[in-house]
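Per-entry structural report
Chain residues, written in single-letter form:
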Amino acid sequence: MTTDLGMPSSGPGAPGAHGTAGVPRLTDGTALTKKDFTSDQEVRWCPGCGDYAILAAVQGFLPELGLKRENIVFVSGIGCSSRFPYYLDTYGMHSIHGRAPAIATGLAATREDLSVWVVTGDGDALSIGGNHLIHALRRNVNLKILLFNNEIYGLTKGQYSPTSHVGQVTKSTPLGSLDTPFNPVSLALGAEASFVARTMDSDRQHLTSVLRAAAEHRGSALVEIYQNCPIFNDGVFDVLKDRTEAAARILHLADGEEVGTAETVVVRDDRGSLAVVPRAEADPARIVRHDESAHDPSAAFALSRLDSPDLGHVPMGIFRNVQRPTYDDSLREQIASARTGEVTDADIDALLAGRDTWTVGA
Amino acid sequence: MSAKLVQKLDRVVIRFAGDSGDGMQLTGDRFTSQTALLGNDLSTLPNFPAEIRAPQGTLPGVSSFQLHFADHNVLTPGDAPDVLVAMNPAALKANLRDLPRGAAIIVNTDEFTKRNLSKVGYVENPLDDGSLDSYDVHPVALTSIAVEALVSFTDLTRKEKERAKNMFALGLLSWLYTRPMDGTEAFLKAKFADKPEILEANLAALRAGFNYGETTEDFAVAYEVAPAAMPAGTYRNVTGNVALSLGLVAAAHRAHLPLFLGSYPITPASDILHTLAGLKRYGVATMQAEDEIAGVGAALGASFGGALGVTTTSGPGLALKAETIGLAVSLELPLIVCDIQRGGPSTGLPTKTEQADLLQALFGRNGESPVAVVAPATPADCFDVAVEAVRIATTYRTPVIVLSDGYLANGSEPWRLPRTADLPDIAVEFATEPNAVDDKGQPTFHPYLRDPETLARPWAIPGTPGLEHRVGGIEKADVTGNISYDPDNHDHMTRLRQAKIDGIADTIEPLVVDDPTDDADVLVLGWGSTFGPIAAGVRLARATGARVAQAHLRHLNPFPANTGDVLRSYQRVIVPEMNLGQLAMLLRAKYLVDIESHTSVRGLPFQAGELADVIATAVASVSDVPLKEAAK
């Protein structure tokens, strides 16, 4: 049996609501700065780590939200990236390996007035915490999940991760990795994610624009951030950081625009598969225009499959951005509509008594 | 009322047994409810297989429900049934060995077919071969009489009519023990409100069973069990799982905290999730998580945000939650973990009771990771223990593990309702102001600056301006909470966390000893659900003149402050447990007392008679006075 939830109808969870609706905002024209979001803790990542750039971008972006600092929470798991909350002067929890989405779900479900962010890595989110990630996404909890993907285990010093390439030689795979990697974007789309994007540590402007869109989205947002590990997997995304190479390889996803580079464009063949072809050879009728709000995730999934291990084509940007009710809003709505006012002692007395009572006289 | 003879009894133990699809649990529940409303004291023991529908008519498919009711205080569901209702040959065979000679057996003869008999290995029909001669057998064609009674229900199939046989049996037993049926009629009306035909059929079958008792010559006597003398008050019947759920809700109300349950379904804990999921009206949020780890993780996340985070599970789930409980120990946040124990290891005996998770609860985590552990003694006590768990968790900012078990979870007893206003005031104060100044003289917040009395750290929830801070599982510097790998600091913090838990002993009631003669040399000490069987065993032993003291631990960590003194004041201390001696091991280690362990792991509660024998033997060994013949 199913029942029509028909909600949430109003309040912060109403259709089209901003991701931070319900979170107290700064008033009186006051504004915070990057410095306000910088904690007094010494940052302890390795020199050259991509995490520095992401931290700077996040600290630089957060003031833009206009939220009260005390209403922002960062929850992380375990791994290099998961040290992130210590360096932000917000509320934060550095939890245990893989469990941040579950912990953040409990927090978001009970606190409508918080902007909740999860910071995780490829090992944390996709290996030990894979279950929690996919369930947070399908439930569409209003969480912003930043997945730092460096295709390696850094904190444990150089074992292969679920995004490492087949054949990758690491400390734990001296003869080459046997595992087929996950594509985090494909995985998220398969898990019913309502917002999925990819960006890169070194592209501050693009990273910030994706963070902005993720924050605006009401529901789970999975943001994959390509991040360089200078110690154990250095340079793995270097071709995307070289201006010329990047221009030839990165397929920019912009809503309503053709997907491609200056020279190439994505076309759809008769069977619905996508391919990257030179613009000159493309049949204009078959050129793919990106529609991030398409209800059917198939097109976004097909775009995610254009990735190639040699980074020959890499779609970047927002793959999917659709509205559907969030778990936390809906849960609050169920409670709100069941409530009949403040719970009194008398209400609890009646609850304890139930329906069948008898009385024994003195 | 009947024109037949009515005889008074002081106590009766009935066991309803049938195929798992026969509705025995429902029948037992309804009979219990009728009995409770009549004012008898009672105790119940449902016993069912883990399979939802094992092959019909087989021994593994037998489901039973035992009820002990009396005109006096009842402590257990009873060692042996006075009456067995056997709906098929499998139910007879599976339960016969528990019956004392002379017990009454009401059998459904319709099911005693050649095929059903051979399914359970009966070569001869036990109803005909004289093997039941020492019992008081009442053969009743329950199915066919029930179907006959429904002859006017032309729209119902035979199968649907047959299904009403449990209501016929309930009606018959209601007559036999003069139980009012209005409660069951109201229950059926609510249950089948949108199926009027089925409702009428069930009501007709129920009344037909009652009338059958009154008219048939097979039952010459009806029985009455007078109401028990119980303390004045308003009562209801309650199972342990429901009492625990209600305790959590009432405690959250008294603490002024929203209740959040993160849980993954597992037998025998799932009923708590079901119960709380239906209480949204009281502001209760429940989440069925993707796994046990997510259940406790979400609960901890809710606690971080200022809710009362609760997770419910059974043994295998507690194992999975261990790492998150360790995080809660490190974060020093309130968290309630309810472990409704079942037989282990591994999947073990999902529907059977055991109390073998005690050591897991105390020590089943990495590192020095102390948590408070409490255990209810009876189904109704689950309410009080839930309130106590919340008091400890919120006062000391610590995880608390509640160790209930399958016997308490599904068993029921009358519960004298407390008044909500009389429950302990456990209102929580969140931190709202900075509690220190930094080296520049600016107000700052130190998340690990402790309350000098309780050693609890401040609970500063997100949304509180000026108290922004980070917590995590890495060791923290004392006071500031900053990451610290300093050896002395870790040693200090480890001892502080232990001292905080040890300090809970200052606020718990001392261990109370029940020793009517005040000169016993033998103490029987229990914990958790063994309370009823131990108390009943002690009662039997005392009836033979044995001088024996009884005490029961509600707090397993820390123990009450006087525990060592109590143990050392007896010549012999016997600890019965449904494990291989876990509490005994703890007590021996902590107090250097030569505890005698008496253990059983049969998936069933102890029998009072068995414990009475153990006690009598112990008492005889230290006493010059010969005991009387046991008056069981």
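These numbers were taken from a predicted model, which means no experiment stands behind them. (Residues numbered from 1 in each chain as written. Chains lettered and ligands numbered in written order. Predicted model: local features only at pLDDT ≥ 70, side-chain atom pairs only at ≥ 80, totals over all residues. Heavy atoms only, no water.)

**As for the overall build of chain B**
Looking only at helices and strands, chain B features 20 helices and 25 strands. For 632 residues, the compact-globule estimate of 2.2 N^0.38 gives 26 Å, and chain B sits close to it at 27 Å. Expressed as lengths along the three principal axes of its C-alpha atoms, the size of chain B is roughly 95 × 70 × 45 Å. Put simply, chain B has 632 residues, and 61% of those count as buried. Within chain B, contacts between residues at least 6 apart in sequence are counted, and of these 77% link residues at least 24 apart. Counting only carbon and sulfur atoms, one obtains 52% of the accessible surface of chain B, whose full area is about 23700 Å². (Helix = DSSP H or I, 4+ residues; strand = E, 2+ residues; numbered from the N terminus. Rg over C-alpha atoms; globule rule 2.2 N^0.38 Å. Buried < 20%, exposed > 50% of the residue type's maximum accessible area, 1.4 Å probe, protein only. Contact = heavy atoms within 4.5 Å. Areas by Shrake-Rupley, 256 points an atom, 1.4 Å probe, with all protein chains shown as cover.)

**Considering unusual backbone geometry**
The amide bond that connects G344 of chain B to the next residue, P345 of chain B, takes the cis arrangement and shows omega of 0°. Relative to the assigned elements, P345 of chain B resides in the loop between β13 (335–341) and α13 (358–363). Here the residue pair N557 of chain B and P558 of chain B is connected by a cis peptide bond, since its omega of -5° sits within 30 degrees of zero. Considering the arrangement of structural elements, one finds P558 of chain B in the loop between β23 (555–557) and α18 (563–568). The backbone of K157 of chain A shows a phi angle near 75°, a positive value even though the residue is not glycine. Here K157 of chain A shows up in the loop between β4 (143–149) and α5 (184–190). Positive phi is not limited to glycine here, since L311 of chain A has a value of about 60°.

**Details of the packing of aromatic side chains**
Residues and elements named next belong to chain A. Per the stated rule, a full pass over the model turns up 19 aromatic pairs over all chains. Taking 6.1 Å as the distance between ring centres and 40° as the angle between the ring planes, the aromatic pair formed by W45 and F84 counts as tilted. Here W45, found in the segment before α1 (50–61), pairs with F84, found in the loop between β1 (72–76) and β2 (91–94); they are 39 residues apart in sequence, far enough to count as distant. Just as W45 is buried, F84 falls in that class too. For the ring pair F74 and W117, a centre distance of 5.6 Å and an interplane angle of 15° mean the geometry is stacked. Here W117 lies in strand β3 (residues 115–121) and F74 lies in strand β1, a separation of 43 residues in the sequence. In this pair, the class of F74 matches that of W117, namely buried. (Phe/Tyr/Trp six-rings, centres within 6.5 Å; stacked < 30°, edge-to-face > 60°.)

**A word on helix α9 (residues 327–338) of chain A**
Taking 1.5 Å of rise per residue, twelve residues should cover 16 Å, and α9 of chain A covers 17 Å from first to last C-alpha, within 8% of that figure. When α9 of chain A is considered as a whole, its buried residues turn out to be Y327, D328, D329, S330, L331, R332, E333 and I335 of chain A. Buried residues along α9 of chain A sit in contact with α2 (100–110) and α4 (130–139) of chain A together with β11 (285–288) of chain B. (Expected span 1.5 Å × (residues − 1).)

**Some points on the sheet that holds β2 of chain A**
In a beta sheet, neighbouring strands are held together by backbone hydrogen bonds and run either parallel or antiparallel to one another. Ordered in space as β7(A)-β10(A)-β5(A)-β6(A)-β4(A)-β3(A)-β1(A)-β2(A)-β19(B), the nine strands form an open sheet in which the pairing is mixed. The outermost strands of the open sheet, each flanked by one partner alone, are β7 (250–253) of chain A together with β19 (470–472) of chain B. Neighbour-to-neighbour, the strand axes of the sheet open up by a mean angle of 20°, direction not taken into account. With three bridges joining them, β2 of chain A and β19 of chain B adopt parallel strand pairing. Paired with G92 of chain A across the strands is R470 of chain B, a residue of β19 of chain B. Packed on one face of the sheet, α1 of chain A meets β1, β3, β4 and β6 (221–226) of chain A and runs near 155° to β4 of chain A. (Pairing = 2+ DSSP bridges. Axes fitted to C-alpha atoms, helices over the stretch in contact; angles between N-to-C directions.)

**Observations concerning the sheet that holds strand β12 (residues 308–313) of chain B**
Residue and element names in this part refer to chain B. Spatially, seven strands are ordered β11-β10-β12-β13-β15-β14-β23 in an open sheet, and the strand pairing comes out mixed. In the strand order of this sheet, the two ends are held by β11 and β23, each with one partner. Ignoring which end each strand starts from, the neighbouring axes of this sheet average 20° apart. Bridge count between strand β10 (residues 259–263) and β12: three bridges; the pairing is parallel. Paired with F260 across the bridge in β12 is G309. Along the sheet face, helix α11 (residues 292–304) touches β10, β11, β12 and β13 and points at about 165° away from the line of β12.

**Quick notes on the nonpolar core**
Residue and element names in this part refer to chain B. Among the nonpolar cores identified, the biggest contains 164 residues, and I336 and L525 are the most heavily contacted of them. With ten residues, the top contributor of residues to this core is helix α14 (residues 381–396). When sequence neighbours within four positions are dropped, the list of residues in contact with L525 reads L511, A551, H552, L553, L567, V573, I574, V575, P576 and L587. Core analysis: the next-biggest nonpolar cluster, separate from the first, contains 50 residues, I14, A104, A146 and L173 among them. (Core = buried A, V, L, I, M, F, W, Y, C linked by side-chain atoms within 4.5 Å.)

**Structural notes on the pattern of salt bridges**
Residue and element names in this part refer to chain A. Inspection of every chain in the model, using the stated rule, returns 38 salt bridges over all chains. R212 is the partner of E64 in a salt bridge, and the nearest nitrogen-oxygen pair spans 2.4 Å. Taken as a pair, E64 in the loop between α1 and β1 and R212 in helix α6 (residues 204–216) lie far apart in primary sequence, 148 residues in all. Since its relative accessible area comes to 33%, R212 is described here as partly exposed. One salt bridge connects E224 with R198, and the closest N-O pair in it is separated by 2.8 Å. One end of the pair, E224, is in strand β6; the other, R198, is in strand β5 (residues 195–200), with 26 residues separating them in the sequence. By relative accessible area, which is 1% here, E224 ends up buried. Three or more residues joined by partner-sharing salt bridges are found here, namely E112, R218, D328, D329 and R332. (Salt bridge = Lys/Arg side-chain N within 4 Å of Asp/Glu carboxyl O.)

**Considering the environment of P139 of chain B**
All names here are of chain B. Its place among the elements puts P139 in strand β7 (residues 136–140). Taking the relative accessible area as the measure of exposure, P139 reaches 43% and is therefore partly exposed. As for P139 and A86, which are separated by 53 residues in sequence, their C-alpha atoms are 9.9 Å apart. Apart from the residues within four sequence positions on either side, P139 is in contact with V107, T109 and D218.

These values are about where atoms sit, not about what they do.
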